[in-house]
Amino acid sequence: MLQQSSKAYPNSWILLLALLTALGPLSIDMYLPALPLMAEDFGVSTQMVANSLPAYFLGLAVGQLVYGPLSDRIGRKTPLYIGLSLYILASLLCVFAYNEWSLIAARILQALGGCVGVVIARAAIRDRLDLHSSAQAFSSMMIVATIAPIMAPMLGAWVLLFFDWHIIFAFLTLMGMIAWLCVHFFFEETLVPERRLTLSFNQGQSKT
């Protein structure tokens, strides 16, 4: 039986999902104003450092293919732990990146971890709410998805007024840690065991 409710979703719950969703746009856009400074530090062209942006999208595409089926099988909370832990580690690696290649590698890992938020947020809404409440929740999430890419470069530029570019990734590390703690203390599993997929290699063989 589906565990969906026609009751309005709690504001605190949607704020948590919004935080998880915002990690992606912040990670993509916040460091863009720092690209020339990063290129100067690495001794390469700005275009070379800018290759870290498509690298992030590569990790984003791969990660979303993984977390959806994984969360359908083992639940929503465990993938959040895995993805956010990877995101925190990768953001720290970005802080200490010493050349453009180490940055690109760290950005791929950062995307692999950070994309868990948007995947699980959408899945949790479908798990918990009925169609009407889901539409309201998705509308709230769309507001975040629209505002975050606009605010992120502005926030990054503001940081650069007082600090160097490393602090941008330190800030993202802090955001990942806050998200991890919020998931640990406030996110309740939304996919009960009886609704999880139990696919196995033996099941696939039995159908052939």
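Another aspect to go through is the packing of aromatic side chains. This model, assessed by the stated rule, comprises seven aromatic pairs. Ring plane angle 55° and centroid distance 5.7 Å describe the contact between Y31 and F169, whose orientation is recorded as tilted. Here F169 lies in helix α9 (residues 166-186) and Y31 lies in the loop between α1 (11-29) and α2 (35-42), a separation of 138 residues in the sequence. Of the two residues examined, Y31 and F169, each falls in the buried class. Here F162 and F163 contribute two aromatic rings whose centre-to-centre distance is 6.5 Å and whose plane-to-plane angle is 55°, an arrangement assigned as tilted. Linked through ring pairs, Y31, F42, W165 and F169 together constitute an aromatic cluster. For the cation-ring pair, R107 lies above Y31, with the distance from its terminal atom to the ring centre recorded as 4.1 Å. The side chain of R128 reaches across the aromatic face of W13, ending 4.4 Å from its centre.

Core analysis: the biggest nonpolar cluster contains 53 residues, and L17, M38, L103, I125, F169 and F187 have the highest contact counts within it. Sorting elements by how many residues they give to this core places α1 first, with nine residues. Residues within four places of M38 in sequence aside, it is in contact with Y31, V49, L103, W165 and F169.

End to end, helix α5 (residues 77-95) covers 27 Å across 19 residues, agreeing with the expected 27 Å (1.5 Å per residue, within 8%). Elements in contact with the buried residues of α5: α1, α4 (52-74), α6 (100-114), α7 (116-128) and α9.

Checked against the element boundaries, D29 lands in helix α1. Despite being buried, D29 has no salt bridge partner; R107 is the closest side chain of opposite charge, sitting 7.7 Å away. Residues within four places of D29 in sequence aside, it is in contact with P149, A152 and P153.

Okay, the side chain of R76 next. Within the secondary structure layout, R76 lies in the loop between α4 and α5. Since its relative accessible area comes to 4%, R76 is described here as buried. The residues touching R76, leaving out its near neighbours within four places in the chain, are S71, I120, A123, D127, F187, E189, T190 and L191.

Looking now at the packing of α1 against α7. At their nearest, the axes of α1 and α7 sit 7 Å apart, and the two run at 150° to each other. Relative to α7, the element α1 lies roughly antiparallel. The two elements α1 and α7 meet at a crossing, and its hand is left-handed. Here W13, I14, L17, L20 and T21 of α1 come into contact with α7, specifically with G117, V118, A121, A124, I125 and R128. Per-class residue counts for the contact of α1 with α7 are eight nonpolar, two polar and one charged.

Looking at the chain as a whole, its pLDDT mean stands at 86, while 91% of the residues score no less than 70. Contacts of residues 1-6 to residues separated by more than four positions or lying in other chains number 18 contacts, the stretch itself having pLDDT below 50.

Our next topic: the state of the cysteines. Per the stated rule, a full pass over the model turns up zero disulfides. With no disulfide partner, C182 has as its closest neighbouring cysteine sulfur the one in C115, 19 Å distant.

Before going further, it helps to spend a moment on the environment of E100. Along the chain, the position of E100 falls in helix α6. Look at E100 and you get buried, because its relative accessible area is 11%. Considering only alpha carbons, one finds E100 and A157, 57 residues apart in sequence, at a separation of 21 Å. Once residues within four sequence positions are removed from consideration, E100 is found in contact with F42, V44 and M48. In terms of polar contacts, E100 uses its side chain to reach the side chain of W101, at 3.4 Å.

Rules used throughout
The written sequence of each chain sets the order in which its residues are numbered from 1. For a predicted model such as this one, the threshold for reporting local features is a pLDDT of at least 70, and the threshold for listing and counting side-chain atom pairs is 80 or more; totals across whole chains, interfaces and linings nevertheless cover every residue. Side-chain descriptors were evaluated using all non-hydrogen atoms of the structure, hydrogens and water having been removed beforehand. Within 6.5 Å between ring centres, the rings of Phe, Tyr and Trp (the latter by its six-membered ring) count as paired, and their orientation is classed by plane angle as stacked under 30 degrees, edge-to-face over 60, tilted in between. Helix and strand definitions here come from DSSP, where helices need a minimum of 4 consecutive H or I residues and strands a minimum of 2 consecutive E residues; each element is numbered from the N-terminal end. Partly exposed residues are those whose accessible area sits between 20% and 50% of the maximum for their type, while under 20% is buried and over 50% is exposed, using a 1.4 Å probe and protein chains only. Placement of a positive charge over a ring is assigned whenever Lys NZ or Arg CZ falls within 6 Å of the ring centre and within 35 degrees of the normal to the ring plane. The definition of a nonpolar core used throughout is a set of buried Ala, Val, Leu, Ile, Met, Phe, Trp, Tyr and Cys residues joined through side-chain atoms within 4.5 Å. Throughout, a contact is declared for two residues whenever any of their heavy atoms are within 4.5 Å. Under the convention used throughout, the expected extent of a helix is 1.5 Å for every residue step, that is, one less than its residue count. A positive count includes Lys and Arg, and a negative count includes Asp and Glu. His and the chain ends are not counted in either. Criterion for a salt bridge: a side-chain nitrogen of Lys or Arg within 4 Å of a carboxyl oxygen of Asp or Glu. Throughout, an axis means a line fitted to C-alpha atoms (over the contacting stretch in the case of helices), and angles, computed between N-to-C directions, take values from 0 to 180 degrees. Orientation labels follow simple angle bins: below 35 degrees gives roughly parallel, above 145 gives roughly antiparallel, 65 to 115 gives roughly perpendicular, and whatever is left gives oblique. Here a crossing is taken to be left-handed if its near helix is turned anticlockwise relative to the far helix by less than a right angle, and right-handed if that turn runs clockwise. Under the convention adopted here, Pro, Cys and the residues Ala, Val, Leu, Ile, Met, Phe, Trp and Tyr are nonpolar, Asp, Glu, Lys and Arg are charged, and Gly plus all remaining residues are polar. As a per-residue measure, pLDDT reflects the predictor's confidence and takes values from 0 up to 100. Two cysteine sulfur atoms make up a disulfide if the distance between them is within 2.5 Å. We define a polar contact as two N or O atoms separated by no more than 3.5 Å, with the added condition that, inside protein, one atom must be a possible hydrogen donor and the other a possible acceptor, whereas residues neighbouring each other in sequence contribute only through side-chain atom pairs.

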